Amino acid sequence: MSTSSSQSYFDLHITGLGYLNRIREVKPKKGDSFLACDIAALTGPSSAAEYRRFDVKVSGRDAQHLIRKCEEAVKAERKVLIGFRLGDLWTDIFTYTKGKNEGKPGVSLKARLLFVSWIKVDGEMVYKAESKVANGATFEESPAASEDAPASELTHVDAEVTTEAPALAEAS
């Protein structure tokens, strides 16, 4: 549970790892544009893993910066695997307009991407958030870390690996 001035909120967070897809700028008819992407999260036993697809709005300055740095690698169809924390899960019900499911209802899982704990491109670690101990929780576990943490608290793995992933070379 978090508090903001006199209002308290119940937080629901989802942590996991998954493949990054479809990075895009969304321009709604009303309101400001925002960065969005899909995450194909891994679930189940490692011997028979399944995917759960999340359509997420990228929240927080650091998360936006990191996802934008992955854009080139995703467009090049490289495997971009991230550790993540999502919040504010909701569903969006829609009707398919084409394809084999045309006219049938569908459900999309939506959430806000709050925090990126690490990034691997084609199996090579190119980014890892630095663990900071604050109030008994590590930096990666702290709900406030996603939006309030300054970029200086984030660290990158050695430059040799970073230069192998051009999409993330400027992430510092």
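Residues numbered from 1 in each chain as written. Predicted model: local features only at pLDDT ≥ 70, side-chain atom pairs only at ≥ 80, totals over all residues. Heavy atoms only, no water.

**Examining a nonpolar patch on the surface**
Short version of the rule: Residues with no salt bridge and a relative accessible area higher than 30% make up the patches, which join like charges within 9 Å and nonpolar side chains (Val, Leu, Ile, Met, Phe, Trp, Tyr) within 5 Å. The method behind every accessible area is Shrake-Rupley, applied with a 1.4 Å probe, and residues are considered shielded solely by the protein chains displayed. Salt bridges are counted wherever a side-chain nitrogen of Lys or Arg sits within 4 Å of a carboxyl oxygen of Asp or Glu. Secondary structure follows DSSP: runs of H or I at least 4 residues long count as helices, runs of E at least 2 residues long count as strands, and numbering of each begins at the N terminus. The cut-offs for exposure are 20% and 50% of the maximum accessible area for each residue type, with area from a 1.4 Å probe on protein chains only; residues under the lower value are buried, those over the upper are exposed, and the others partly exposed.
A surface patch of nonpolar side chains, amounting to about 260 Å² of accessible area, comprises L17, L42 and Y51. Locating L42 in the fold gives a position in strand β4 (residues 34-43). Take L42: its relative accessible area is 30%, and that puts it in the partly exposed class.

**Topic: the packing of aromatic side chains**
We count it as follows: Centres within 6.5 Å make a pair out of two Phe, Tyr or Trp rings, where for Trp the six-membered ring is used; the pair is then stacked when the planes are under 30 degrees apart, edge-to-face when over 60, and tilted otherwise. Placement of a positive charge over a ring is assigned whenever Lys NZ or Arg CZ falls within 6 Å of the ring centre and within 35 degrees of the normal to the ring plane.
Counted by the stated rule, this structure contains two aromatic pairs. Ring geometry for Y19 against Y51: centres 6.4 Å apart, planes inclined by 55 degrees, an arrangement best described as tilted. Here Y19 is found in strand β3 (residues 13-26), whereas its partner Y51 is found in strand β5 (residues 50-58), with 32 residues between them in sequence. Judged by centre distance (5.0 Å) and plane angle (70 degrees), the ring pair of F94 and Y96 falls under edge-to-face. Here the basic side chain of K120 rests over the ring of W118, its NZ or CZ set 5.7 Å away from the ring centre.

**Remarks on the confidence of the model for the protein chain**
Inclusion rule: pLDDT measures how confident the predictor is about each residue, on a scale from 0 to 100. Should any heavy atoms of two residues lie within 4.5 Å, those residues are counted as being in contact.
Per-residue pLDDT for the protein chain averages 82, and the proportion of residues at 70 or more is 73%. Considering only residues more than four positions removed or in separate chains, one finds that residues 138-172, a stretch of pLDDT under 50, has 85 contacts.

**A closer look at the pattern of salt bridges**
Taken as a whole, this structure holds ten salt bridges when the rule is applied. In this structure, the salt-bridge partner of R68 is E25, at a minimum N-O distance of 3.3 Å. Here E25 lies in strand β3 and R68 lies in helix α1 (residues 61-75), a separation of 43 residues in the sequence. Residues R52 and E50 are paired through a salt bridge, measuring 3.3 Å at the closest nitrogen-oxygen approach. Each member of the salt-bridge network shares a partner with another, and the members are R22, R24, D38, R53, D55 and K110.

**Looking at the side chain of D38**
To keep things clear, this is the line we draw: Polar contacts, as used here, are pairs of N or O atoms within 3.5 Å; protein pairs need one atom able to donate a hydrogen and one able to accept it. Residues neighboring in sequence count only if both atoms are side-chain atoms.
Here D38 lies in strand β4. Reaching out from D38, the side chain makes a polar contact with the side chain of R22 at a distance of 3.1 Å. When near neighbours in sequence (up to four residues on either side) are disregarded, D38 contacts Y19, L20, N21, R22, R24, R53, F54 and D55.

**Some thoughts on the nonpolar core**
Our working rule: Grouping buried Ala, Val, Leu, Ile, Met, Phe, Trp, Tyr and Cys residues that are joined through side-chain atoms within 4.5 Å yields what is termed a nonpolar core.
In this structure, L20, I39, I67, V80, L113 and I119 are the most contacted members of the largest nonpolar core, which totals 29 residues. Listed by contribution, the elements that provide at least two residues to this core are β3, β4, β5, α1, β6 (80-95), β7 (105-121) and β8 (124-129). Ranked by residues supplied to this core, first place goes to β7 with seven residues. For V80, the residues in contact, after removing those within four places along its chain, are G18, Y19, L20, C70, A73, V74, I119, K120 and V121.

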